[in-house]
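In case you want the letters, here they are:
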Amino acid sequence: MSATISGLDQIIANANRIAQKQLPRATATAINRIAKQAMRKSTRSVAKEVKVPTKLVRSRTRLRQKASVRKLMAQISVNRGNLPVFRLLEDGKHKVRVSKGQIRIGQHRIQRGFIQTLKNGRTHVMQRQGQARYPIDVVKIPLATPLTNAFHHELKDYHEQIKVELTAALGAALRR
């Protein structure tokens, strides 16, 4: 009794096609998905941490280069500069509350703070620092450390995330 396998050539051809075309495409898709997910989660956590709207932090990150079949690498660009407090007033949801010795914008309290239009036409929240002649400075929210920590935290188990996403992408490719 002998058994013959019919369609073995078709199975081998399908396996080669998947290895040559579908695998790089699925890998690029997985890398891009993980990059976008890291951007979304880290900006949300930083916004919650520094008590600003997510939209302001999200506008400081962008996916500069997507992963492609030829170059399996994504680049995320992050503006880690300090965020001027006056940006909180631009969306119209936050109001300035003035009380004795301080102003409040959202959940931020600025001692000896005031709003001033500068010579270049921009309006900023300023704060007096001491007794010197010009001891004023623009009030800013530091974002460098929170953004760095958030991105490192989101991408620390990058290899595990790639495995999960790649498995899902290859499964979808095999179903087609």
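Just so it is clear, the model here is predicted, and its values are computed rather than measured. (Residues numbered from 1 in each chain as written. Predicted model: local features only at pLDDT ≥ 70, side-chain atom pairs only at ≥ 80, totals over all residues. Heavy atoms only, no water.)

S.K.: Which parts of the structure should I look at to understand the overall build of the protein chain?
M.R.: Along the backbone of the protein chain there are 4 helices and 10 strands. Element order for the protein chain, N to C, with α for helix and β for strand: α-α-β-β-β-β-β-β-β-β-β-β-α-α. A compact globule built from 176 residues should have a C-alpha radius of gyration of about 16 Å, whereas the protein chain, at 26 Å, is more than 25% larger. Along the longest, intermediate and shortest principal axes, the C-alpha atoms of the protein chain span 100 × 25 × 25 Å. When burial is assessed residue by residue, the protein chain has 31% of its 176 residues classed as buried. When contacts within the protein chain are restricted to residue pairs at least 6 apart in sequence, long-range pairs at least 24 apart make up 49% of them. As displayed, the protein chain offers around 12,400 Å² of accessible surface, 51% of which is attributable to carbon and sulfur atoms. (Helix = DSSP H or I, 4+ residues; strand = E, 2+ residues; numbered from the N terminus. Rg over C-alpha atoms; globule rule 2.2 N^0.38 Å. Buried < 20%, exposed > 50% of the residue type's maximum accessible area, 1.4 Å probe, protein only. Contact = heavy atoms within 4.5 Å. Areas by Shrake-Rupley, 256 points an atom, 1.4 Å probe, with all protein chains shown as cover.)

S.K.: Would you mind showing me how to read the pairing of strand β7 (residues 113-117) here?
M.R.: The sheet contact formed by β7 and strand β8 (residues 123-128) spans 5 bridges and is antiparallel. Bridge assignment links T117 to a residue of β8, and that residue is T123. Between β7 and β8, which pair antiparallel and follow one another directly, the connecting turn spans 5 residues, one of which, G121, has a positive phi of 95°. (Pairing = 2+ DSSP bridges.)

S.K.: When you look at the sheet that holds β8 in this model, what are you seeing that I'm missing?
M.R.: Taken together, the 3 strands give an open sheet; going across it, the order is β7-β8-β9, and neighbouring strands pair in antiparallel fashion. In the strand order of this sheet, the two ends are held by β7 and β9 (136-138), each with one partner. Geometrically, the sheet is characterised by an average inter-axis angle of 40° between neighbouring strands, direction not taken into account. (Axes fitted to C-alpha atoms, helices over the stretch in contact; angles between N-to-C directions.)

S.K.: Hey, could you run me through the side chain of Q102 in this one?
M.R.: One can find Q102 in strand β5 (residues 102-105). Among the polar contacts made by the side chain of Q102, one reaches the side chain of Q111 at a distance of 2.8 Å. Leaving out residues up to four positions away in the same chain, Q102 has contacts with R97, R109, I110, Q111 and R112. (Polar contact = N/O pair within 3.5 Å; in protein donor to acceptor, adjacent residues only side chain to side chain.)

S.K.: Hey, could you run me through the packing of helix α1 (residues 8-50) against helix α4 (residues 158-175) in this one?
M.R.: For any two helices packed against each other, the geometry is given by the interaxial angle and the distance between the axes. Their axes nearest at 8 Å, the elements α1 and α4 cross at an angle of 130°. Accordingly, the angle class assigned to the pair α1 and α4 is oblique. As α1 packs across α4, the resulting crossing turns out to be right-handed. Two secondary-structure elements touch here, α1 through I18, Q22, L23, A26, T27, A30, I31, R33, I34 and Q37 and α4 through Y158, Q161, I162, E165, L166, A169, L170, A173 and L174. Residue composition of the contact of α1 with α4, grouped by class: 13 nonpolar, 4 polar and 2 charged. (Parallel < 35°, antiparallel > 145°, perpendicular 65-115°, else oblique. Left-handed = near helix turned anticlockwise from the far one by under 90°. Nonpolar A, V, L, I, M, F, W, Y, C, P; charged D, E, K, R; others polar.)

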